[in-house]
Amino acid sequence: MERLSVLDVPYSAVANSFPEAAPIEGGFSVPWELEVIQRLYGIGIDLIDKCPIYQWQWPKVYGEQLRPDQKQTAASLVTFRRGFCLSPPRMGKTAATVAASLYLLDTQKIKRVLIIAVLSAFYDWRRHLFTMRPGAPILALHGKTRNAIKTGEYKHYRFLMINPDGFRYIGDDVKRLVDAGEIECIVVDELTEWSNSTAKRWRAAYQATRAAKYLWGITGTPGDPLQIYGQVKFVGSFSALPKSFTSWRTSVAVQRSQFVWETTPAGWKIAERALTPAIRIRKEDVFKQMQVFEEFVRTPLSQHQKTAIEKLQKETAMILPCGSAIDAAQKSAMVTKILQICGGAVLIDEGQNAVYFDIAGRLDVLEHIIRHKSETKCIVFVQFREVMRHLEKKLRDRQLIVESINGEVPPSHRTEIIRRFDTDPDLRVLLLHPVVARYSLELAAADTCVFWGPCLSGTFSYEQARNRILSGKQKSKTPTIVHLYSSPIEHALHKKIKIGIAAQTALLEAFETAISEGAINDE
């Protein structure tokens, strides 16, 4: 057994609690094992940089090696057992957490991992796991597979996922697996979802996960001290936490009126101490210059959308064998209609009416980006006017403050909307047509740019649109460009327009793909 030398710490500090320790000149030595590193950390001796995970063969993420800060995050999590990852958004927390989980599985420290995440984040976890460990099975305990614990199907999977509301239905089933050691590691993504310790789902999940050997709370935005009580209690790593929220509130805030409590400066320090043990890595310590992140994010099609696309494809396919000629304009129109269906709205009756589609799955992903991924604000580029109207209404239905600018908005009104977006902290979302953003528009108040669908206005408009957040006024070190797609046609168009292929050419190529391969991919 290889041994680890620990210098500058006297042997007497561990002699009574570590019988396996041996004195050496200037310190002591211990077996180089994860369990020993964890126990030493528990008595205040931090050897995270000596964690055995650093000797492990690290997986790559999207073909790239993990950064040193991501490896440090993974080492910290496996050392903490129970603790927090509080690095800001876009620091690769998901990849680091997957790496930590894979290490524990590979070294047989745990049997199974449960990821608790909102539904819109499921795909992101699947995507990371697929690229870091291709073929690793992951099962979402949702919908038809919710009974997988009762049927025993879960045994074929090393990674399980559940959304917060799922505990209201199968919390007892999850608890049985945790208590039996079938689930030993729990990842709580977006820990802020667990701020309210009086909610039914909080209580159900808390009871179900208490016996887990490892439990990691992940969030880049824990909120103010009044919000974190439920989060800290859920993770269960801070022994000095008051038993009731009332006691906690009194310690971190003062009451200004019957329903208004104001956090005190001392309250922030108390909250910081409560969020321990934690790994926090600042962006400025990793990214010395602005680094632009780009993502292509797949979103689900609703059954309504699938039915409409399949009908359109069949109608087109019936024409081709009959020898009817389909010109370029007709081909483009067919693909454009598919894009409109994916976006959520199609004009009919020569533009007099519209058919609206269920876009809940795509909206879930966008809302998750706005609320949890973006640090400041978000601009969303929408190609079609009716789609923009539909999207604006749906976002407002979700209690998001949003404005939109397209060709119908007069210049004076545009100027006022831009001014508000730049100065009003509550206005976090701005919908734009790509052409509107081509020239002299400063939108660096946003750190996230989302393309709701492909930019059919051409590569120039696409480049100009994305550059709206990339000016010298951008304060984020990690601005992000996100391309949403629900169909392989959308995905291909995003890619082609990005590399400079003319929009019309890309549309015609997409038509051939739609006919030969289909426009729906149920991967």
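Everything below is about the structure printed above this text.
Residues numbered from 1 in each chain as written. Predicted model: local features only at pLDDT ≥ 70, side-chain atom pairs only at ≥ 80, totals over all residues. Heavy atoms only, no water.

**Quick word on helix α2 (residues 68–80)**
Turning to step 1, where the next piece is worked out: Here α2 contains 13 residues, and its C-alpha end-to-end distance of 18 Å stays within 8% of the 18 Å for a straight helix at 1.5 Å per residue.
Turning to step 2, where the next piece is worked out: Judged by how many residues are buried, α2 sits mostly within the fold: 10 of 13 residues are covered.
Turning to step 3, where the next piece is worked out: For α2, every residue scored as buried is listed here: Asp69, Gln70, Thr73, Ala74, Ala75, Ser76, Leu77, Val78, Thr79 and Phe80.
Turning to step 4, where the next piece is worked out: Where the residues of α2 are buried, they touch α1 (34–42), β4 (82–85), α3 (93–106), β9 (214–218), β12 (278–279) and α11 (283–286).
Turning to step 5, where the next piece is worked out: Taken from the residues just after α2, Arg81 is the one with a positive phi, measuring 70°. (Helix = DSSP H or I, 4+ residues; strand = E, 2+ residues; numbered from the N terminus. Expected span 1.5 Å × (residues − 1). Buried < 20%, exposed > 50% of the residue type's maximum accessible area, 1.4 Å probe, protein only. Contact = heavy atoms within 4.5 Å.)

**Considering the environment of Ile162**
Turning to step 1, where the next piece is worked out: Relative to the elements of secondary structure, Ile162 occurs in strand β7 (residues 159–162).
Turning to step 2, where the next piece is worked out: It is 8.8 Å that separates the C-alpha atoms of Ile162 and Leu139, two residues lying 23 residues apart in sequence.
Turning to step 3, where the next piece is worked out: Ignoring any residue separated from it by four or fewer positions in sequence, one finds Ile162 in contact with Leu114, Ile115, Ile116, Ala117, Phe122, Leu141, Phe167, Ile170 and Val174.

**Comments concerning the sheet that holds strand β1 (residues 3–7)**
Turning to step 1, where the next piece is worked out: Taking strand neighbours across the sheet as the criterion, the 3 strands line up as β1-β3-β2 in an open arrangement whose pairing is antiparallel. For this open sheet the edge positions go to β1 and β2 (22–24), each flanked by a neighbour on one side alone. Averaged over all pairs of adjacent strands, the angle between their axes in this sheet comes to 35°, without regard to strand direction.
Turning to step 2, where the next piece is worked out: Pairing analysis gives 5 bridges linking β1 to strand β3 (residues 27–31), with the strands arranged antiparallel. The partner of Leu4 across the bridge, within β3, is Val30. (Pairing = 2+ DSSP bridges. Axes fitted to C-alpha atoms, helices over the stretch in contact; angles between N-to-C directions.)

**As for the nonpolar core**
Turning to step 1, where the next piece is worked out: Core analysis: the largest hydrophobic core is formed by 69 residues, its most contacted members being Ile379, Val380, Leu395 and Trp452.
Turning to step 2, where the next piece is worked out: Considering every element that reaches this core, the biggest residue donor is helix α13 (residues 328–343), with 6 residues.
Turning to step 3, where the next piece is worked out: Residues within four places of Ile379 in sequence aside, it is in contact with Phe421, Leu430, Leu432, Leu443, Ala446, Thr448, Cys449, Val450, Arg468 and Ile469.
Turning to step 4, where the next piece is worked out: In terms of nonpolar packing, the next biggest core, distinct from the first, is built from 45 residues, Ile53, Phe159, Cys185 and Ile279 among them. (Core = buried A, V, L, I, M, F, W, Y, C linked by side-chain atoms within 4.5 Å.)

**Some points on the layout of surface pockets**
Turning to step 1, where the next piece is worked out: Reported here for the second largest pocket is a volume of approximately 310 Å³.
Turning to step 2, where the next piece is worked out: In terms of lining residues, the second largest pocket is bounded by 19 residues, among which Leu86, Gly220, Pro222, Leu275 and Arg280 are the most central.
Turning to step 3, where the next piece is worked out: Going through the elements one at a time, α8 (225–235), α10 (265–274) and α11 are the ones with two or more residues in the lining of the second largest pocket.
Turning to step 4, where the next piece is worked out: In terms of residue count, the dominant contributor to the lining of the second largest pocket is α10 (3 residues).
Turning to step 5, where the next piece is worked out: Within the lining of the second largest pocket, the residues separate by chemical class into 9 nonpolar, 3 polar and 7 charged. (1 Å grid on protein atoms, 1.4 Å probe; cavity = no way out; pocket = protein on both sides within 12 Å on 5 of 7 lines; lining within 4 Å. Points joined across faces, edges and corners; volume = space filled by probe spheres on them. Nonpolar A, V, L, I, M, F, W, Y, C, P; charged D, E, K, R; others polar.)

**As for the packing of aromatic side chains**
Turning to step 1, where the next piece is worked out: Applying the stated criterion across every chain yields a total of 15 aromatic pairs.
Turning to step 2, where the next piece is worked out: Consider the rings of Trp56 and Tyr103, whose centres lie 5.6 Å apart with planes at 70°: the pair is edge-to-face. Taken as a pair, Trp56 in the loop between α1 and α2 and Tyr103 in helix α3 lie far apart in primary sequence, 47 residues in all. Each of the two residues, Trp56 as well as Tyr103, counts as buried.
Turning to step 3, where the next piece is worked out: Consider the rings of Trp202 and Tyr206, whose centres lie 4.7 Å apart with planes at 20°: the pair is stacked. Linking Trp202 with Tyr206, this pair stays in helix α7 (residues 200–209), spanning 4 residues, or about one helical turn.
Turning to step 4, where the next piece is worked out: Through successive ring pairs, a cluster of aromatic residues spans Phe167, Trp194, Trp202, Tyr206 and Phe234.
Turning to step 5, where the next piece is worked out: The lysine or arginine in question, Arg201, covers the ring of Trp194, its NZ or CZ lying 5.6 Å from the ring centre.
Turning to step 6, where the next piece is worked out: Seen from the ring of Phe296, Lys495 lies directly overhead, with NZ or CZ sitting 4.2 Å from the centre. (Phe/Tyr/Trp six-rings, centres within 6.5 Å; stacked < 30°, edge-to-face > 60°. Lys NZ or Arg CZ within 6 Å of the ring centre and 35° of its normal.)

**Re the side chain of Arg90**
Turning to step 1, where the next piece is worked out: With respect to the element layout, Arg90 can be found in the loop between β4 and α3.
Turning to step 2, where the next piece is worked out: Residue Arg90 is classed as buried on the basis of its relative accessible area of 14%.
Turning to step 3, where the next piece is worked out: In terms of polar contacts, Arg90 uses its side chain to reach the side chain of Asp447, at 3.0 Å.
Turning to step 4, where the next piece is worked out: Within polar-contact distance, the side chain of Arg90 engages the side chain of Thr480 at 2.8 Å.
Turning to step 5, where the next piece is worked out: With sequence-adjacent residues up to four places away left out, Arg90 is seen in contact with Lys283, Phe287, Phe293, Lys373, Ser374, Asp447, Thr448, Ser476, Thr478, Pro479 and Thr480. (Polar contact = N/O pair within 3.5 Å; in protein donor to acceptor, adjacent residues only side chain to side chain.)

**Structural notes on the sheet that holds strand β8 (residues 185–189)**
Turning to step 1, where the next piece is worked out: Read across the open sheet, the 7 strands follow the order β6-β7-β5-β8-β9-β4-β12; overall the sheet is parallel. The two strands at the open ends of the sheet, each matched to only one other strand, are β6 (138–140) and β12.
Turning to step 2, where the next piece is worked out: Relative to β7, strand β5 (residues 113–116) is paired through 4 bridges, and the arrangement is parallel. Bridge assignment links Ile116 to a residue of β7, and that residue is Ile162.

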